[in-house]
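Below are the chains, spelled out letter by letter.
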Amino acid sequence: MSQHGVAGDRVTPGNAARKPGAGRHSAKHRVARRNTPSSTQIVGLTAALAAAAGAVGFSHSTLASPTQANSAVNLAASSLDNGQLSGITTARIQARQLATRDSSRVQLAGNDTNKKQAAAAQLAKARAAKLTATQALTTKRATALAAAKAKADAAEKKARESATRCEIMVTGYHITATFGQGGSRWAHNHTGLDFAAPMGTPIHSVMKGVVIFADWAGPYGRQVQVRHEDGTVTWYNHMSKFSVSVGETVYAGDQVGAIGMTGNTTGPHLHFEVHPDGGDAIDPTPWLRNHCGLDPYTAG
């Protein structure tokens, strides 16, 4: 038997059950597997590295320093072949790449959240600024309106309290008797101007003045006398009620009583008289026209 024959028939560990021609085929598959380690192989290689480290007799209790730990890992790694080390390295690179991608995703998500929060804050700031501007404008307008109203009220008050302003005494009336008119209804010629109107119609002061009389006055019935600032006294007679008291200040248009039939009268009306400086009565018609700018025949 030749040496070549002996060598060909030699049985070694690892090829005892190997079929002829299977060596080269298996080697090709091993190279392919080494180049593309699967997750199962990676786990196995990691376990092999741990087992190799344990086989050389190291434990946590004997590794007193990081240097000793590194030496143990290096010693364990030296017991592995190049294929196993390449698989472990590939697994570590893939794990780092996965961690990097995850970190990038988290960072991108965080950046997007920050942008949204910044945009929301900017929008809220703009809305707050707009609300502040609107409130300021509303306040400004309200202040202007209040000032305008106050000015108008002051002007109205001033006009109302003016000593020269006049208003007709009754509305919805018609003239039934004039000054100086004679007849059996009066003991003397008529001393005033009669304004016939429905019972209860309000009677107003013709001008600003002070009430100097408010009582029963015989044939005049219920009577109110008002002295005006120029000394003229006006009389309001035959009223059904009083609306003022002696000493009260009244303005043009203020109610002093109401149309009635008290005293010497044949129907509800206001008998109005004008007494300059409190003296004798004069014709109310020219006084109203000249002093107040009122025409009793058209004003009512």
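Basis of the calculations
- Residues numbered from 1 in each chain as written.
- Predicted model: local features only at pLDDT ≥ 70, side-chain atom pairs only at ≥ 80, totals over all residues.
- Heavy atoms only, no water.
- Helix = DSSP H or I, 4+ residues; strand = E, 2+ residues; numbered from the N terminus.
- Buried < 20%, exposed > 50% of the residue type's maximum accessible area, 1.4 Å probe, protein only.
- Areas by Shrake-Rupley, 256 points an atom, 1.4 Å probe, with all protein chains shown as cover.
- Disulfide = S-S within 2.5 Å.
- Phe/Tyr/Trp six-rings, centres within 6.5 Å; stacked < 30°, edge-to-face > 60°.
- Arc of directions from axis to C-beta.
- Contact = heavy atoms within 4.5 Å.
- Polar contact = N/O pair within 3.5 Å; in protein donor to acceptor, adjacent residues only side chain to side chain.
- pLDDT = per-residue confidence, 0-100.

## With respect to the overall build of the protein chain
For step 1, the next point in the chain: Scanning the protein chain for helices and strands turns up six helices and nine strands.
For step 2, the next point in the chain: Counting across all 300 residues of the protein chain, residues that qualify as buried make up 26%.
For step 3, the next point in the chain: For the protein chain, the accessible surface area stands at approximately 19,100 Å², while carbon and sulfur atoms represent 57% of it.

## Section: the state of the cysteines
For step 1, the next point in the chain: As enumerated under the stated definition, the model contains one disulfide in all.
For step 2, the next point in the chain: There is a disulfide in this structure between Cys166 and Cys292, and the S-S distance comes to 2.3 Å. Judged by the sign of its S-S torsion, about -55°, the bond between Cys166 and Cys292 is left-handed. Of the two residues, Cys166 sits in the loop between helix H5 (82–160) and strand S1 (174–177) while Cys292 sits in helix H6 (residues 284–292), which places them 126 residues apart along the sequence.
For step 3, the next point in the chain: Taking the relative accessible area as the measure of exposure, Cys166 reaches 13% and is therefore buried.

## Things to note about the packing of aromatic side chains
For step 1, the next point in the chain: In this structure the tally under the stated criterion is three aromatic pairs.
For step 2, the next point in the chain: Taking the centre distance of 4.9 Å and the plane angle of 75° together, the rings of Tyr173 and Phe195 count as edge-to-face. Here Tyr173 is found in the loop between H5 and S1, whereas its partner Phe195 is found in strand S2 (residues 193–196), with 22 residues between them in sequence. Assigned by exposure class, Tyr173 and Phe195 land together as buried.

## Some thoughts on H6
For step 1, the next point in the chain: Listed in full, the buried residues belonging to H6 are Pro284, Thr285, Trp287, Leu288 and Cys292. All buried residues of H6 project into a common sector of 170° when viewed along the axis, lining one side.
For step 2, the next point in the chain: For H6, the elements touching its buried residues are S2, strand S6 (233–242) and strand S9 (269–275).
For step 3, the next point in the chain: Capping the start of H6 is the job of one residue whose side-chain oxygen sits 3.1 Å from the backbone nitrogen of Thr285: Asp283.
For step 4, the next point in the chain: Phi for Gly293, located one or two positions after H6, is positive at around 70°.

## Concerning the confidence of the model for the protein chain
For step 1, the next point in the chain: Summing up the model confidence of the protein chain, the mean pLDDT is 80 and the portion of residues at 70 or higher is 70%.
For step 2, the next point in the chain: Between residues 25–29, whose pLDDT stays under 50, and residues either more than four places distant or in other chains, the model counts zero contacts.
For step 3, the next point in the chain: Taken as a whole, residues 55–61 scores under 50 in pLDDT and shows five contacts with residues more than four places along the chain or in a different chain.

## With respect to unusual backbone geometry
For step 1, the next point in the chain: Not every positive phi belongs to a glycine, and His238 is a case in point at roughly 65°.
For step 2, the next point in the chain: Mapped onto the secondary structure, His238 falls in strand S6.
For step 3, the next point in the chain: Its relative accessible area of 5% is what places His238 among the buried residues.
For step 4, the next point in the chain: The backbone of Asp277 sits at a positive phi, close to 55°, despite the residue not being glycine.
For step 5, the next point in the chain: If you trace the backbone, Asp277 turns up in the loop between S9 and H6.

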